[in-house]
Amino acid sequence: MTDFTAPDAVVETIESVQQELGRWTGKSIPRKEDRRLLKGQGQFVDDAWMFRQGYVHFLRSPHGHANIRSIDTTKAEAVPGVYATMTGAEMAEQCEPFFRIAPDPAARIEEYPLALKARFQGDAVAVVLAETRELARDAAELIEVDYEPLPAVVDAVRAADPRSPVLHEEIGSNLAWHGIYDYGDIDWALENADHVVRIDRLHFHRFSSTPLECQGALVNWDPGTDQIEILSNIQFPMFATQVLGPSLGVGQDQLLWRYQDSGGAFGNKIAMYPQIAALALISRKAGRPAKWTEYRSEHMLSCGMGNERTFLDIEVPVMRDGTILGFRMRAFDDAGAYLHYEPLGAVIWSQVVPGCYRFKHVNVDYTETLTNKCPTVPNRGYSRLQHLWMIERLVDTVAHELEFDPVQLRKLNYVQPEDYPYETPNGCIYDSGDLPLTLDKALALIDYPSARERQRSVASSGAGKRIGIGIGSTLDSGTNNFGQARIINPDLPFSGNGEAATVRLDLYGEIFCTLGSSPTGQGHETTAAQVVADILGASPADVRVHAGFNKEHGAYVGFSGTYASQFAVTGINAAIGAARLLRAEIATVAAAALQCEGADIQLEAGVASYRGDGERAIPLIGIANLVYANNAELPPEVADGVSLNCRYVYRPPFQVPDPVTKRGNLTLTYAVQIHACVIELDEQTGQVRILDYGAVDDCGNRINPQIVEGQVHGATGLGVGAALYEAFNYSEAGQLLNASFYDYHAVTALDVPAIKTDHLESPSPFTPNGAKGMGEGGGAPLATICSAIQDALGPGAELVSDSHNPPERVWRLLRSTGARGVEVQTR
Amino acid sequence: MSSDAAAIHAVEVTINGERYERPALARQLLVHFLRDTLGLRGTHIGCDTGNCGACTVICDGRLTKSCMLLAAQADGCEITTVEGLAPARGDLTPLQAAFNAEHGVQCGYCTPGMLMSASFLLERNPNPSEHEIRRGLKGNICRCTGYENIVRAVQSAARAAAAATAKGNS
């Protein structure tokens, strides 16, 4: 039963919202969207079809770096069934360069839908539209491109060297962004510490989540209406629309985005706007809808990859009792060839400056450079997993080098339960949690004392095996404050965040909800139905949540999409707000119909009644009838004040960060995961086998625990893959060496271990529903497995300095007798 | 574009019990024949190289990646796709219901192929161990679930089938 005190009670206090949730919210109800997906009835982008559509094929550069002397499309155009071709030069004449996030000098880069110079293997230089997919591909092969190959640079640190080849001549260097983040007093800390641990280099490798469904779009630039209909699995449509409108010279209202189901995204499908722009322009030229479905090899070459980062000259001041004071380092991030979402990564990491730890003194000299590699895109844990991995390596290394117990050292340095809300050195506010307890639960999952016992017995058995035990963590900062973009570029017109939803009553009393999110497997139809059902005294089965994103639903703001662990906060609280607006309207109409006060209306099982009196009641169909089709029955002041079409925008409380000091609250919530694992290392082969794996998450109030657990499993699977199997490797000439699932080993069911899970629920004091976003815990396995390998290698071994550890690297570490990559200075 | 590639073959197949006869280009893949020619779009494409298993169907009793077979090679075959598991508007099969109950579906893109491999496995091994399930699904890549709940779903379906059999025998 749902009671409410005033018909217009929408402005929620945190307490009042949480009291209204509980019958359905917090329960593991099976997902509503599964039925169609299990029957093969999902509507994915390649399932879409339009009358007169043609198929697009992008011709992509085989070179890592090359000038284009000329392109001749004559032979391709002569093929019967080819509708149109376009080159980069032709497109550049018909649109404006894309909006740029970077400040000068990188702001001078002018990028168009197709390249005018090839800057990575896979850079699209021409496009064909033809009657069939095969014909488009064949015709593209007939396009003659005269390339002048150029030397390439594929390393972010080398790219910063003025002697390296320059990708974008107009900026005179390969610098995408540079800035210094300086908090506390690192010089003081290094001078006054009892020990200083120095690490030469850590390297976080390139990989991506490679969603099983590749990118795709079907675009029709309608010559009659001049509207551009875009069916696409892009995951942040409202970012793309803000880029594309000015570039294509059309109004935002002319860009009509729509999609139903998306086969995973993980951040990788955020930056599809160049391809969509190319499809729009060739659709206009040919007067036909243009359909493109990315091939897997095309995806691997050009969709986008996660940030690769190199950390140099790391210095860590440590006190005698194990207190770690902070760190200093230089970071070089590899943006790849274009800045499609970068250099946002150059600030996003600073949402988690000290990781889980109470470090006070931090100095990071951060450089992002352009290289002849596929452009970087967000990838599950975007820009933070690199930093958090580095921090866990630091803590782990301090424990090893100074012979602290790795568990006790972490507990000593963690932010403590009584510290929350905890302000980090750069002004971010960690909302809630209990890290020592979270770690204890993770250790319990792997039976830590027994694992240590096993480690000793295996070591003494002489069987050529070693056991290692690892610990890692990830902070999943969710609901970001877009104002942090101004730390990158003070001129950017972004700040805050938010999301929209509508909840409506249709003509016969049907409850339905539309969302601004673009879900890619997170179960938004289910979790939104759970909260709406609670507010409206209904069952989730009675709440239809319309699938996918559709701009014409009107449930959007500039931030709409699915990314950065925020739906549980932004999208869900938008749905809650819209449901409360609708409930207030229902009460107003019911009060008029039942001749009572709105405060006396109760809403339960599709019926509004006077204080639960079944004799004095009106069903939702009656309410809808009065508003939609029978309004002369209503007093005018009631009829004029309701629509039963309620839209609500949830806006988190943010202020604009200070771009000069680089301080501010950059994200609203901080979910945490702590992982622990036991590995067996084969001394002969370097093969790592995971014997036991535990993951504990704390994401505040869980809306659907089973969905949360599924996210933990999934993030862990991808993290295990990255740690042991998955890496994108380039040759010096910029050739990608593993551009298919043959060579890039996406983990299988045999590679991912059984995953044990546990949880805490530390409600966020900053969100109405106490939830925290939590989809991005993918970083923890990288730190956890590196920690376990280091543990197995034992005292005096070389530092595990790379996030990716295939057997050959572990084999070399086992046999290394040279520089260890780490040294300790003790006063 | 040689003349061989442009050659057209008449392909006759039985899919989910229904007989189809359609022309196919010599180089048309079975998966494109299913999706584009016949409109059976529950079978998905994830990799083009036979690694990911999104296109898995059962062809003449063999688990088959339909991107690894030409449509012309399937001439005369009997094929089951995901659409053949449960009626379009009817109840889920016990295996599908187990995927729902155990949250073995996230984005749903690998799901049709995963279901074909899992049902093929359970048909031959009604009581598989966890390792046997993982081996049986190793040709199907899922990027969302970490496989944990998929394995649980198959275990749950196997248990339910065993319980139903025991009940039937008692």
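Residues numbered from 1 in each chain as written. Chains lettered and ligands numbered in written order. Predicted model: local features only at pLDDT ≥ 70, side-chain atom pairs only at ≥ 80, totals over all residues.

### What to know about the overall build of chain A
Phase 1: In terms of helices and strands, chain A carries 23 helices and 30 strands.
Phase 2: For chain A, whose C-alpha radius of gyration is 28 Å, the value lies close to the compact-globule estimate of 28 Å for 827 residues.
Phase 3: When its C-alpha atoms are laid out on the principal axes, chain A stretches across 90 × 70 × 50 Å.
Phase 4: Expressed as a percentage of its 827 residues, the buried residues of chain A come to 61%.
Phase 5: A separation threshold of at least 6 residues defines the contact pool for chain A, and within that pool the share at least 24 residues apart is 81%. (Helix = DSSP H or I, 4+ residues; strand = E, 2+ residues; numbered from the N terminus. Rg over C-alpha atoms; globule rule 2.2 N^0.38 Å. Buried ≥ 20, exposed ≤ 12 C-beta atoms within 10 Å, placed from the backbone. Contact = placed C-beta atoms within 7 Å.)

### Some details on the confidence of the model for chain A
Phase 1: With 98% of its residues at a pLDDT of 70 or more, chain A has an overall mean of 96.
Phase 2: pLDDT under 50 marks residues 1-11 of chain A. Its contacts with residues more than four places away, or in other chains, come to 29 contacts. (pLDDT = per-residue confidence, 0-100.)

### Focus on the environment of Ala575(A)
All names here are of chain A.
Phase 1: Following the sequence through the fold, Ala 575 ends up in helix α18 (residues 570-594).
Phase 2: Between the alpha carbons of Ala 575 and Val 532 there is a distance of 6.6 Å; along the sequence they are 43 residues apart.
Phase 3: Beyond its immediate stretch of four places on either side in the chain, Ala 575 contacts Ala 501, Val 503, Cys 513, Leu 515, Ala 528, Val 531 and Val 532.

### Some words on unusual backbone geometry
Residues and elements named next belong to chain A.
Phase 1: The peptide bond linking Asp 104 to Pro 105 adopts the cis configuration, its omega dihedral lying at 5°.
Phase 2: A cis amide bond links Tyr 420 to the next residue, Pro 421, at an omega of -10°.
Phase 3: When you line up the elements, Pro 421 lands in the loop between α13 (406-413) and β16 (422-423).
Phase 4: Unlike most non-glycine residues, Asp 447 shows phi in positive territory, near 50°.
Phase 5: Residue position: Asp 447 is located in the loop between α14 (435-445) and α15 (448-459).
Phase 6: The exposure class assigned to Asp 447 is partly exposed, which follows from the 15 C-beta atoms found within 10 Å.
Phase 7: The backbone of Leu 644 shows a phi angle near 60°, a positive value even though the residue is not glycine.
Phase 8: Tracing the backbone shows Leu 644 in the loop between α20 (636-639) and β26 (645-650).
Phase 9: According to the C-beta neighbour criterion, Leu 644 is buried, with 22 such atoms within 10 Å.

### A word on the packing of α18(A) against helix α19 (residues 620-628) of chain A
All names here are of chain A.
Phase 1: Relative to each other, α18 and α19 sit at 90°, their axes nearing to 10 Å. The angle between the axes of α18 and α19 places the two elements in the roughly perpendicular class. Across the interface between the two elements, Ile 586, Val 589, Ala 590 and Ala 593 from α18 touch Gly 622, Ile 623, Leu 626 and Val 627 from α19.
Phase 2: Residue classes in the contact of α18 with α19 are distributed as seven nonpolar, one polar and no charged. (Axes fitted to C-alpha atoms, helices over the stretch in contact; angles between N-to-C directions. Parallel < 35°, antiparallel > 145°, perpendicular 65-115°, else oblique. Nonpolar A, V, L, I, M, F, W, Y, C, P; charged D, E, K, R; others polar.)

### Considerations on the pairing of strand β8 (residues 195-204) of chain A
Residue and element names in this part refer to chain A.
Phase 1: Of the strand pairs in this sheet, β8 and strand β13 (residues 308-318) are connected by nine bridges, and their pairing is antiparallel. What sits directly across from Val 197, in β13, is Val 316.
Phase 2: Here β8 pairs with strand β30 (residues 822-826) via five bridges, running antiparallel. The residue of β30 that forms the bridge with Arg 198 is Glu 823. (Pairing = 2+ DSSP bridges.)

### With respect to the sheet that holds strand β4 (residues 62-65) of chain B
The strands that make up a sheet pair up through hydrogen bonds in the backbone, lying either parallel or antiparallel.
All names here are of chain B.
Phase 1: Taken together, five strands build an open sheet; the order of strands is β2-β1-β5-β3-β4 and the sheet is mixed. On the outer flanks of this sheet lie β2 (18-25) and β4, each paired with one strand and no other. Taking each pair of neighbouring strands and ignoring which way they run, the sheet shows an average axis angle of 40°.
Phase 2: Relative to β2, strand β1 (residues 8-15) runs antiparallel, the two being bridged by eight bridges. Looking at the pairing, Ala 10 lines up with Pro 23 of β2.
Phase 3: Against the sheet, helix α4 (residues 111-124) contacts β3 (56-59) and β4, and its axis sits at roughly 45° relative to β3.

### Description of the interface of chain B and chain A
Phase 1: Contacts between the two partners involve 45 residues from chain B, matched on the other side by 47 residues from chain A.
Phase 2: Secondary structure elements with two or more residues in the side of chain B that touches chain A: α3 (94-101), α4, α5 (130-136) and α6 (148-169) of chain B.
Phase 3: No other element matches α3(B), which puts four residues into the side of chain B that touches chain A.
Phase 4: Along the lines of polarity and charge, the residues of the side of chain B that touches chain A split into 23 nonpolar, 13 polar and nine charged.

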